[in-house]
Amino acid sequence: MLYESVVQPWLFRLDAERAHEEVSGALALLASLPGGAHALAALTGASETGWVKSLEKDVFGVRFPNPVGLAAGFDKDGRLVPILPALGFGFLEIGSVTLEPQPGNPQPRLFRIPESRALLNRMGFNSEGARAVARRLASQDKCRVPLGINLGLNKDTPRAQAPAAYARAFRILAAHGDYFVVNVSSPNTPGLRDLQNAADLTAILAEIQDANAAKKPVLVKLSPDLAPEDFDAAVAVADKFARGLVVSNTTLARDGVDAAWSQEAGGLSGAPLKDRADALLRRARALTKLPIIGVGGIASTEDARLRLDAGADLVQLYTGLVYGGPRAVRDILIGLARETPLFNGR
Ligand SMILES: Cc1cc2nc3c(=O)[nH]c(=O)nc-3n(C[C@H](O)[C@H](O)[C@H](O)COP(=O)(O)O)c2cc1C
């Protein structure tokens, strides 16, 4: 197909962040054209999956057209909300959004590792900030699929002010999301992952829930690098104060990639994260009945099926989209639908 033979080789010759900007720019342009989303859905084959009712499901009180979503970090500022459903996604998670705008880390900060089907990033929460994102979402049509909003923390927010900062960002964005994720697991903001301890996490979730009059589902996204007892403690806090989990974020481990990458700071995603994210999903599932979004290394129907069978209610991908291209979600969905009895009966 044209994508594999022409577009991806061209994109992969560009710096990884520049390639992401080119793709985002093209998608934003399409979104601005009348019929653009329809054209993209036809081109990617996503329109073939719209009728697959067998993949619909209700999770934390929200109806999802299918269980395959976009992971946080691809559309940090919610610019592509009108167009991304045309790739077949059953839901989108935008962000991380920080309370105040901030530029993130200096470039280069995103790297491809094609031989490992992996990415390494240390973006550091580049975000337009909660108010700008809320304004944008308010000015757009409502997202065609459920919209999650992932909340991050500004780099210069002192630890003691973290609960208030998350809660303020939540308040500003609350009307615009169908679910929210407290991201305390990015490895690229110094000290952030320390907030996964029971006391800090409880304080953050309690303050958000105080601001949550509409009872929107609030989830917690965990790191794959927590010690087992800390992971279990964080799950226990979520069990009390949250409505779900996202397992997991990127890892500081460098298993599955060339040793030279140990010199480069940042979080690793994609295929090398798959087994770890899968194992953590199983661990979380054994500890709680909360809904869980499984994420990390999912790139095919088999990956998605395995994670769903292991107890994930929904799954997400980011890196799999970079390597799999615009038909990746459609291919996963067609495969999933084939395995379900309703589809087989047609
Ligand atoms: C470039 C990049 C930026 C990301 N930014 C965020 C972010 O802002 N917030 C967040 O919670 N996760 C972020 N992630 C992590 C993803 O949401 C996901 O948890 C992780 O990449 C594992 O999934 P994957 O293997 O399908 O990519 C980012 C990932 C990448 C590759």
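Residues numbered from 1 in each chain as written. Predicted model: local features only at pLDDT ≥ 70, side-chain atom pairs only at ≥ 80, totals over all residues. Heavy atoms only, no water.

Trainee: If you had to explain the overall build of the chain to someone new, which residues and values would you point to?
Mentor: A tally of helices and strands in the chain yields 12 helices and 13 strands. Whereas a compact globule of 346 residues would reach a radius of gyration of roughly 20 Å, the chain reaches 19 Å, a difference of no more than 12%. Expressed along its principal axes, the backbone C-alpha trace of the chain runs to roughly 50 × 45 × 40 Å. Taken over 346 residues, the chain has a buried fraction of 58%. Taking all contacts inside the chain whose residues are at least 6 apart in sequence as the whole, residues at least 24 apart take part in 72%. When the accessible area of the chain is evaluated, it comes to approximately 14400 Å², of which 55% is carbon and sulfur surface. Each charge class in the chain was averaged separately, 39 positive and 37 negative side chains, and the resulting centres sit 4 Å apart. (Helix = DSSP H or I, 4+ residues; strand = E, 2+ residues; numbered from the N terminus. Rg over C-alpha atoms; globule rule 2.2 N^0.38 Å. Buried < 20%, exposed > 50% of the residue type's maximum accessible area, 1.4 Å probe, protein only. Contact = heavy atoms within 4.5 Å. Areas by Shrake-Rupley, 256 points an atom, 1.4 Å probe, with all protein chains shown as cover. Lys, Arg positive; Asp, Glu negative; His and termini not counted. Charge placed at Lys NZ, Arg CZ, Asp CG, Glu CD.)

Trainee: If you had to explain the pattern of salt bridges to someone new, which residues and values would you point to?
Mentor: Oppositely charged side chains may form a pair once their charged atoms are brought near each other. Under the defined criterion, the tally for this structure stands at 19 salt bridges. A salt bridge links arginine 63 to aspartate 58, with the shortest nitrogen-to-oxygen separation between them at 2.9 Å. Residue arginine 122 pairs with glutamate 264 through a salt bridge whose shortest N-O separation is 2.9 Å. In this pair, arginine 122 is assigned in the loop between strand 6 (118-121) and helix 4 (130-139) and glutamate 264 in the loop between strand 10 (244-247) and strand 11 (267-270), connecting sequence segments 142 residues apart. Its relative accessible area of 26% is what places glutamate 264 among the partly exposed residues. (Salt bridge = Lys/Arg side-chain N within 4 Å of Asp/Glu carboxyl O.)

Trainee: Explain the site of the ligand to me, and be specific about the residues and the numbers.
Mentor: Lining the immediate environment of the ligand, one finds 25 residues, of which Ala72, Ser96, Gly270, Gly297 and Thr319 sit closest. Within the side chain of asparagine 183, an N or O atom sits 3.1 Å from an oxygen atom of the ligand. The backbone of serine 248 places a nitrogen or oxygen atom 3.0 Å from an oxygen atom of the ligand. Alone, the ligand offers 610 Å² of accessible surface; in the complex the protein occludes 98% of this. For the shell around the ligand, the elements supplying multiple residues, two or more each, are strand 4 (91-97), strand 6 and strand 11. Partitioning the shell around the ligand into residue classes produces nine nonpolar, 14 polar and two charged. (Near = heavy atom within 4 Å. Polar contact = N/O pair within 3.5 Å; in protein donor to acceptor, adjacent residues only side chain to side chain. Nonpolar A, V, L, I, M, F, W, Y, C, P; charged D, E, K, R; others polar.)

Trainee: Tell me about helix 2 (residues 16-32), and name the residues and values.
Mentor: Helix length check: helix 2, at 17 residues, gives a terminal C-alpha distance of 24 Å against a target of 24 Å (1.5 Å per residue), a fit within 8%. Within the sequence span of helix 2, burial applies to Ala16, Glu17, Ala19, Ser24 and Leu27. Buried residues of helix 2, viewed axially, fall in a sector of 155 degrees; they line one side. The outward face of helix 2, more than 90 degrees from its buried face, is lined by the exposed residues Leu29 and Ser32. Tucked into the core, helix 2 has its buried residues touching helix 1 (2-13), helix 3 (36-44) and strand 5 (110-113). Capping of helix 2 at its N-terminal end is provided by aspartate 15; its side-chain oxygen lies 3.2 Å from the backbone amide nitrogen of glutamate 17. (Expected span 1.5 Å × (residues − 1). Arc of directions from axis to C-beta.)

Trainee: Outline helix 9 (residues 301-309), listing residues and values.
Mentor: Of all the residues in helix 9, the buried ones are Thr301, Asp303, Ala304, Arg307 and Leu308. Taken end-on, helix 9 shows its buried residues confined to a sector of 165 degrees, consistent with a single buried face. For helix 9, exposure combined with an orientation more than 90 degrees from the buried face picks out Glu302 and Asp309. The positive-phi residue at the C-terminal boundary of helix 9 is glycine 311, with phi of around 120 degrees.

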